[in-house]
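# A structural walkthrough
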2 protein chains.
Amino acid sequence: MDVNEIKRIDKTVKGWLRESRDNVLRKIDTRLTVNTKSSRTDLVTNIDKQNEQFIVTKIREFDPDARILGEEGSGDEVDSVAGHVWIVDPIDGTMNFVKQRNHFAIMIALYIDGAGVLGYILDVMGNHLLSGGPALGVFDNGQPLEKAADTPLREGLVGLSGPMVLHDDYHMVNIANRSLGMRVYGSAGIDIISVLRGELVAYISYLKPWDFGAGKILCETAGLKVTTVDGQPLGMLSSTTVMLATRKAHRDILTIVGQ
Amino acid sequence: MDVNEIKRIDKTVKGWLRESRDNVLRKIDTRLTVNTKSSRTDLVTNIDKQNEQFIVTKIREFDPDARILGEEGSGDEVDSVAGHVWIVDPIDGTMNFVKQRNHFAIMIALYIDGAGVLGYILDVMGNHLLSGGPALGVFDNGQPLEKAADTPLREGLVGLSGPMVLHDDYHMVNIANRSLGMRVYGSAGIDIISVLRGELVAYISYLKPWDFGAGKILCETAGLKVTTVDGQPLGMLSSTTVMLATRKAHRDILTIVGQ
């Protein structure tokens with residue numbers, strides 16, 4: 001796909017995100033309808049569903065032959081990476097959205113034949129958009145992202161999944177202790193923005209494709225490492241542990257995980 | 001002290017905070033001089049020190065007979081609560097400030113004969129000020145704070161100290177597991193703002209007087225409970241565990257701590 005076509009798509013998706021953010025903000029003080037999914041901490045609200053429908057409708061109009069993988073089920077069954085695949089997380093960090101009305105993100109990604117083309121993470125309340133891909137580079141609210149320093153684990157803060165720390169999965173306690181401190185934000189999107197901006201040297205969590213689809217594209221474009229927590233390649237359709245990290249922190253964490 | 005005198009002080013302190021924030025923002029992209037204090041994670045920078053000197057100078061001009069307790073040593077030795085005692089934390093969350101240039105706070109409190117009169121927590125990058133005290137009420141960027149619901153632990157998110165979770169002090173892992181999720185933000189000021197706004201039902205950490213001086217006044221004024229983690233009263237000069245929580249979450253956490 002040539003770069004002008006990618007720029008055209010980029011401009012279009014940014015328009016959807018602006019409209020989507022406005023829709024969410026307009027309803028943010030209304031009473032939510034909240035339902036649990038797999039457990040009492042896995043939530044979906046009427047706004048997640050409406051926002052996914054809004055974005056899916058926009059994608060279908062714009063790219064009718066594409067398949068869409070959406071968190072809340074208004075997309076398609078996607079079991080192969082062939083062709084255009086859009087990945088949509090209408091509200092990432094739904095628990096934060098429900099309990100805080102803060103610290104949540106809208107995420108969209110476009111993969112073509114399994115290769116990341118464009119990724120978008122919008123911190124809704126912070127009004128902060130990370131966007132881009134290999135053909136364009138990464139942008140932080142429209143400005144080229146300053147490349148984060150390649151900081152090792154012992155000199156940085158690390159973003160972790162709360163449950164992984166509480167269960168000490170993959171030596172998470174040791175990973176936290178070897179860093180300058182752990183942070184737990186409760187939204188993959190918010191954590192990945194922090195890694196991209198150099199505020200965290202790594203983020204580790206159990207994630208679904210819609211949680212990391214955009215972040216994988218943006219982080220790889222920014223020269224960060226993206227794998228499973230034990231260093232395996234990450235398929236765009238995987239539900240697995242994910243580590244996004246500076247090269248040095250990635251190496252440091254793999255050493256601890258392998259112990 | 002009559003309410004007009006308190007309003008006069010309030011207006012003055014808000015002016016210091018605006019000027020202090022401008023000073024910090026002007027220097028935020030400069031190279032910091034960072035020194036460690038008690039450990040490799042206990043930091044102080046040239047900006048912490050300059051900002052404390054700025055605030056302490058303002059207080060000395062305004063209230064020359066007061067004593068000042070400051071984190072970075074430009075205040076006085078304060079070993080009794082008599083008279084006017086100002087408590088200053090020029091940069092709360094110095095690790096976040098150094099590593100993220102984000103998620104840190106400036107905090108000021110005024111106690112008279114041990115009673116909280118005025119408290120201020122300014123989220124510098126979010127430009128978000130929580131202010132007030134028993135005579136005025138609590139304000140969120142100048143608007144009366146909406147009273148947070150009295151949510152129990154099992155229905156809320158809980159803000160915890162990273163080290164306390166990693167050492168499982170006072171059954172922190174159990175406390176996190178009984179909640180809807182733990183969050184670790186790395187700045188008492190940012191956590192306490194979240195409790196005041198109802199985004200967290202509790203915050204627990206080991207704190208020094210400058211970490212909780214303002215928060216204790218604001219939370220008590222807002223009807224929240226403020227004690228040590230095992231429910232003891234909190235002296236304004238204590239260095240101890242601190243729990244700031246809704247009444248229901250406070251009761252729930254005490255039950256777990258006492259097990």
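Now for a description of the structure that goes with this document. (Residues numbered from 1 in each chain as written. Chains lettered and ligands numbered in written order. Predicted model: local features only at pLDDT ≥ 70, side-chain atom pairs only at ≥ 80, totals over all residues. Heavy atoms only, no water.)

### Focus on the nonpolar core
Soluble, globular proteins show a tendency: their nonpolar side chains are buried together. This is how the line gets drawn: Each nonpolar core is a collection of buried residues, namely Ala, Val, Leu, Ile, Met, Phe, Trp, Tyr and Cys, held together in the definition by side-chain atoms within 4.5 Å. When a residue's accessible area, from a 1.4 Å probe over protein chains only, is under 20% of the maximum for its type it is buried; when over 50% it is exposed; and in between it is partly exposed.
Counting residues in hydrophobic clusters, the biggest one holds 142 residues, and the most contacted among them are Trp 86, Phe 97 and Leu 196 of chain A together with Trp 86, Phe 97 and Leu 196 of chain B. Core analysis: the second largest hydrophobic core is formed by 44 residues, Val 158 of chain A together with Val 165, Leu 166 and Val 184 of chain B among them.

### Considering the pattern of salt bridges
For clarity, the threshold we go by: Every case where a carboxyl oxygen of Asp or Glu lies within 4 Å of a side-chain nitrogen of Lys or Arg is listed as a salt bridge. We count a stretch as a helix when DSSP gives it H or I for four or more residues in a row; a strand needs E for two or more, and each element gets its number in order from the N terminus.
The full count for this structure, using the stated rule, is 23 salt bridges over all chains. Of the charged contacts in the structure, one is a salt bridge between Lys 14 of chain A and Asp 10 of chain A, with a shortest N-O distance of 3.1 Å. Taken as a pair, Lys 14 of chain A and Asp 10 of chain A lie in helix H1 (residues 3–27) at a separation of four residues, close to a single helical turn. For the salt bridge of Asp 140 of chain B with Arg 197 of chain B, the shortest nitrogen-to-oxygen distance reads 3.2 Å. Of this pair, Asp 140 of chain B sits in strand E8 (residues 137–140) while Arg 197 of chain B sits in the loop between helix H6 (188–196) and strand E12 (202–207), placing them 57 residues apart in sequence. You can call Asp 140 of chain B buried: its relative accessible area is 14%. Looking at Arg 197 of chain B, the relative accessible area reads 36%, which means it is partly exposed. Bridged by salt links that share partners, the residues Lys 37, Asp 42, Glu 71 and Glu 72 of chain B form one connected network.

### Concerning the sheet that holds strand E13 (residues 225–227) of chain A
All names here are of chain A. So the rule is basically this: Each pair of strands is called paired provided DSSP finds at least two bridges between the two strands. Axis definition: a line fitted to C-alpha atoms, over the contacting stretch in the case of helices. Angles run 0 to 180 degrees between N-to-C directions. In what follows, a contact means two residues having at least one pair of non-hydrogen atoms within 4.5 Å.
On the basis of which strands lie adjacent, the open sheet formed by five strands has the order E11-E10-E12-E14-E13 and mixed pairing. At either end of the open sheet lies a strand with only one pairing partner, and these are strand E11 (181–183) and E13. Adjacent strand axes in the sheet meet at a mean angle of 15° when their direction is disregarded. Here E13 runs beside strand E14 (residues 240–245); their pairing, made up of three bridges, is antiparallel. Considered in E14, the bridge of Lys 225 is made with Ala 245. Strands in contact with helix H6 (residues 188–196) are strand E10 (157–160), strand E12 (202–207) and E14; relative to E12, the strand with the most contacts, it is inclined by about 155°. Sitting on the sheet, helix H7 (residues 209–221) is in contact with E12, E13 and E14, with an inclination near 25° to E14.

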